[in-house]
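This is what each chain is made of:
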Amino acid sequence: MKKRLLPVTLITALTAAFLAGCGSSAQQSAAGGSTAAASSAATQDASATQDTSSTQADASAPEGEDGKTIKIGAYGPITGGSAVYGEGAQNAIAMAVEEINDGDSGYKVEIVNGGKIVDDGGAAKQAINAYNSLMKEGPSAIVGSFFSSVTLPVAEQASKDNMLLLATGATNKDVTLKGSTIFRNCFIDPYQGKMAAQFAKEKGWTKAAVIYAKDDDYSNGLKDAFIENAEANGIEVVYVGECTTKDTDFSSQTSQVVAKGADFLFYPAFLDTVPLLVGAARDAGFDGAVMGGDGWDGTDTAGFEDNFENCYFTNHYSSEDTAPAVVNFVSKYTEKYGTESLNACAALYYDAIYMLVEAAKNSGASDTVSLVNGMTGMTFTGVGGTFTMDENGDPEKSVAINTFEGGKVKWLMTLSPEGTKE
Amino acid sequence: MTFSLFFQSLINGLNQGAIYALIALGYTMVYGIIRMINFAHGDFIMIGAYTLFYTIPMMIHAGMPAWISVFLAVVICAAVGVLVEVIAYKPVRRAGSMSALITALAMSLFLENLAMVLFGAKPHNVQKIFDLPSVNVLGVALPLNVILTIGIGVVMMACLQIFIKSTKIGKAMRAVPQDRDASILAGINVNKVITMTFAIGSALAAVAALMYCAKYPRVTNDMGSMMGLKAFIAAVLGGIGVIPGAMLGGILVGLIEIYVKLFAPGWYEAITYGILIVILLVKPSGILGKNVGEKV
């Protein structure tokens, strides 16, 4: 009997502690909610009618709380080859939330999961798990992810659940076609491929080669769009080679590029293999231009400085842009977190949080349906420029074309949808 | 196919093959001596590569050539190899081959995740190891470091062959798999020989890491798993347990991959793995393997 006493006491003690913990956290959140309501009432000089309406909302829809707090869930690549994107996203979200909650927009933002991005590992399967774990916390909107292949299955599920999904870097054109609650704040693949072809034409390159990752939606989307638009622009595609996202050896493909006499190589892929491809191309004797999409952003060029001469990529924004929103974002971010993770992904997650606040302002409430209404057709100005959401939930925006100088990314020009240089 | 394309691919294939061969040697030596597939072997390359990543800047800072780092990598890899053997493999050696295999898989995952915790999930670029120009041979641009890499591989394989054939410990290494009990009677310290095998196999992995980083200067925590798998295929292809077989298998897998990629880049892995299956169907013991049944 004595021996059994110990586990029993332990279990009782643990249960008691657990129950106590639950109770206190519930109390805390209730207290936090009431203080938030009180403070917002004080600062905004709210009338009594507003107060009662918010209490009514409280009673009917516990998720919406006082109607002024937007509950957002975020997921992104925290681990894996593209972890630097997740790092940037996490920092940018923290920054945006701090700014909004200290600001006077009238809305507060709460990131579920304790303010942390849930990891999708850059993989579709893990993304669904991330999505499910976010849904358990009852958010009004979900933000993410940066990759098309990861976002596509999530978009499918979100549209079934009528959940607002604001994709941040998923440029595959099918993402927003999954449902009316799916939006994004980046341009789409065909558009990036088109701009790359247009840029090649302006530079006077005539023979293009393409190497793309066959196991990746993003890479396939850019490749198709590029080939289509290259032909329309009078550029001959002399070689199309496949690879996978896990490959490290590109020597065969790049020697074919040289053998076919191409003067331009398009490699739409993600940053982690970009130095290897550029290195392999230069090793094979290719001295033409190598170009990629926004997946190149954040590429580590250490040790490859010479190889990256004559390389370009299209991007959502350039940190050297002089627009006030960009300058503000870049200087604040650099001060807080340095420049290593200052990439387009960070900028897009940052904009996403602001877009949701804007959507809440437009419709006057923070539940999912109001946010969707507020988001549809909205015009927004942020780090990614000024753009309007079209009927699919895609923005129409210009692309920044970057190049490299001594291994450092340098802004070259901005190409607008009409094809004119700015 | 033009001659220049063929020639360039030959060099690329030999380079890739030499790396596979060196890794395959590690698999084959361990298998030959204790009949165990050390799946963590691929991750020893990762450890070697991270050692290079951290020590090359130090070497350059001290005014020494970057490749000196490989000696440090050899020492660290050999130490890790011996440590893994003593801590994880030795205690389960008598528990049967399944336990040993599972332990090896666990060790592989452990090392990969440990590296992720220690060095982060982000890939790192390794600084240039050999700063050599390209030469133009028969109208083909050939980077000299590729030629040098192949050379290093060949020298390492030759040295290993001499070591196994003519030194005392090398003879002991050949004796143990033939008859373990008889070798104990002949005065061979079996445990010491096994530890030595792990040390040499891991040291070769460090050299493979150098060759890998000279061609593909990037380290990630999971780089070893795919390389290890390919090298394992090479070892089986050549005849696992047979040292010249690992060399032949490695070179073959490298050449096949590069040439298949030239024409059907999307197919190269399907074809590489397909070859393994065909070889196993036709000659289960591998190209140079002797068809002797397991001793009961």
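An unreviewed UniProt entry annotates chain B as ABC transporter permease originating from Lacrimispora celerecrescens. As recorded by UniProt, the Subcellular location (unreviewed entry) comment attached to chain B reads in full: "Cell membrane". UniProt, in the comment section headed Sequence similarities (unreviewed entry), describes chain B in these words: "Belongs to the binding-protein-dependent transport system permease family. LivHM subfamily."

We now examine the overall build of chain A. Helix and strand counts for chain A come out as 12 helices and 15 strands. Split into buried and exposed, the 422 residues of chain A put 54% on the buried side. Taking the intrachain contacts of chain A between residues at least 6 apart in sequence as the baseline, contacts between residues at least 24 apart amount to 66%.

Helix and strand counts for chain B stand at 11 helices and 4 strands. The C-alpha atoms of chain B give a radius of gyration of 19 Å, which matches the 19 Å a tight globule of 296 residues would have. With respect to the principal axes defined by its C-alpha atoms, chain B has extents near 60 × 50 × 35 Å. Burial statistics for chain B: of 296 residues in total, 50% are counted as buried. Here the analysis covers contacts within chain B between residues at least 6 apart in sequence; of these, 75% occur between residues at least 24 apart.

A separate point is the environment of A18 of chain B. All names here are of chain B. Looking at the element boundaries, A18 is found in helix α1 (residues 3-34). Since 26 C-beta atoms lie within 10 Å of it, A18 is described here as buried. Apart from the residues within four sequence positions on either side, A18 is in contact with T149, I150, G153 and M211.

Further remarks concern helix α9 (residues 274-283) of chain A. All names here are of chain A. Summarising burial for α9: 10 of the 10 residues are buried, a large majority. When we look at burial in α9, the residues that qualify are V274, P275, L276, L277, V278, G279, A280, A281, R282 and D283. At the exit of α9 stands G285, carrying a positive phi of roughly 95°.

Next up on the list: the sheet that holds strand β14 (residues 399-405) of chain A. Residues and elements named next belong to chain A. Spatial ordering of the open sheet is given by β8-β7-β9-β10-β11-β14-β15, a layout of 7 strands whose pairing is mixed. A single partner strand is all that each edge strand has here, and the edge strands are β8 (236-243) and β15 (408-415). Ignoring which end each strand starts from, the neighbouring axes of this sheet average 25° apart. Pairing of strand β11 (residues 311-315) with β14, which is carried by 4 bridges, proceeds in the antiparallel orientation. The residue bridging T314 from the neighbouring strand is I401, located in β14. On the sheet, helix α8 (residues 251-259) packs against β7 (207-213), β8 and β9 (264-266) and is oriented at approximately 170° with respect to β8.

Another point: the UniProt feature "transmembrane region" (unreviewed entry) in chain B. Residues and elements named next belong to chain B. In the numbering adopted here, UniProt assigns the feature "transmembrane region" (unreviewed entry) to residues 17-37, 44-60, 66-88, 100-121, 141-164, 193-212, 232-255 and 262-282. Helix makes up 100% of residues 44-60 and strand 0%, and the two end C-alpha atoms of the span are 24 Å apart. Taken end to end, residues 141-164 comprises 88% helix and 12% strand; its first and last C-alpha atoms sit 37 Å apart.

The next subject is the domain arrangement of chain A. Residues and elements named next belong to chain A. As assigned here, chain A comprises domain 1 (64-187 + 322-389) and domain 2 (190-315 + 401-415). In this assembly, 15 residues from domain 1 lie in contact with 14 residues from domain 2. When residues of the side of domain 1 that touches domain 2 are traced back to their parent elements, those giving at least two are α3 (83-102) and α5 (148-160). Broken down by element, the residue count for the side of domain 1 that touches domain 2 peaks at 3 residues, all from α5. Considered class by class, the residues forming the side of domain 1 that touches domain 2 number 6 nonpolar, 8 polar and 1 charged.

Moving on: the interface of chain A and chain B. Taken together, the contacts link 28 residues of chain A with 25 residues of chain B. Contributing elements (two or more residues each) for the side of chain A that touches chain B: α3, β8, α8 and α9 of chain A. With 6 residues, α8 of chain A is the largest single contributor of residues to the side of chain A that touches chain B. When grouped by side-chain class, the residues that make up the side of chain A that touches chain B number 9 nonpolar, 12 polar and 7 charged.

Tracing the backbone shows I33 of chain B in helix α1. Apart from the residues within four sequence positions on either side, I33 of chain B is in contact with M173, V176, P177, I194 and T197 of chain B.

We now examine the packing of helix α6 (residues 168-178) of chain B against helix α8 (residues 190-215) of chain B. Residues and elements named next belong to chain B. At a minimum axis separation of 10 Å, α6 and α8 run at an interaxial angle of 105°. As the angle between them shows, α6 and α8 are arranged roughly perpendicular. On α8, the residues that touch I169, A172, M173 and V176 of α6 are V190, V193, M196 and T197. Of the residues that constitute the contact of α6 with α8, the class distribution is 7 nonpolar, 1 polar and no charged.

By size, the foremost hydrophobic cluster in this structure holds 216 residues, and its most contacted members are Y349, I353 and L356 of chain A together with A49 and V207 of chain B. Apart from residues no more than four positions distant in its own chain, L356 of chain A is found in contact with I70, I72, A141, L166 and L371 of chain A.

Residues and elements named next belong to chain B. Packing of α1 against helix α9 (residues 223-238) brings their axes to within 8 Å, and their N-to-C directions diverge by 70°. It follows that α1 is roughly perpendicular to α9 by the angle criterion. Within the contact between the two elements, α1 uses Y20, A21, I23, A24, Y27 and T28 and α9 uses M227, G228, K230, A231, F232, A234, A235 and G238. Its residues placed into classes, the contact of α1 with α9 shows 10 nonpolar, 3 polar and 1 charged.

So, on to the pairing of strand β2 (residues 108-111) of chain A. Residues and elements named next belong to chain A. Across 4 bridges, the pairing between strand β1 (residues 69-76) and β2 is parallel. Bridged to T69 within β2 is K108. For the crossover that starts at β1, traverses α3 and ends in the parallel β2, the hand is right-handed.

Take the confidence of the model for chain A next. Where the model shows low pLDDT, its predicted coordinates should not be examined in detail. Scored by pLDDT, chain A has a mean of 81; 83% of the residues are at 70 or more. Contacts of residues 12-64 of chain A to residues separated by more than four positions or lying in other chains number 25 contacts, the stretch itself having pLDDT below 50.

This next bit is on the pairing of β14 of chain A. All names here are of chain A. Most of β14 is tucked away: 5 of the 7 residues are buried. Strand direction decides the pairing type here: β14 and β15, joined by 7 bridges, are antiparallel. Residue pairing in the sheet places N402 in a bridge with W411 of β15. Counted along the chain from β14 to the antiparallel partner β15, the turn is 2 residues long, and its residue G406 has a positive phi close to 60°.

With that out of the way, let us pick up α9 of chain B. Residues and elements named next belong to chain B. If you check α9, its first and last C-alpha atoms are 23 Å apart, about what 16 residues at 1.5 Å a residue would give, namely 22 Å. Counting buried positions over the 16 residues of α9 gives 14, a clear majority of the element. Positive phi appears at G239, one or two residues downstream of α9, with a value of about 110°.

What counts, and at which threshold
- Residues numbered from 1 in each chain as written.
- Chains lettered and ligands numbered in written order.
- Predicted model: local features only at pLDDT ≥ 70, side-chain atom pairs only at ≥ 80, totals over all residues.
- UniProt positions renumbered as here; feature names shortened; annotations may be inferred.
- Helix = DSSP H or I, 4+ residues; strand = E, 2+ residues; numbered from the N terminus.
- Buried ≥ 20, exposed ≤ 12 C-beta atoms within 10 Å, placed from the backbone.
- Contact = placed C-beta atoms within 7 Å.
- Rg over C-alpha atoms; globule rule 2.2 N^0.38 Å.
- Pairing = 2+ DSSP bridges.
- Axes fitted to C-alpha atoms, helices over the stretch in contact; angles between N-to-C directions.
- Domains from an automatic or database assignment.
- Nonpolar A, V, L, I, M, F, W, Y, C, P; charged D, E, K, R; others polar.
- Parallel < 35°, antiparallel > 145°, perpendicular 65-115°, else oblique.
- Core = buried A, V, L, I, M, F, W, Y, C linked by C-beta atoms within 7 Å.
- Right-handed = clockwise from strand over helix to strand, strands pointing away.
- pLDDT = per-residue confidence, 0-100.
- Expected span 1.5 Å × (residues − 1).

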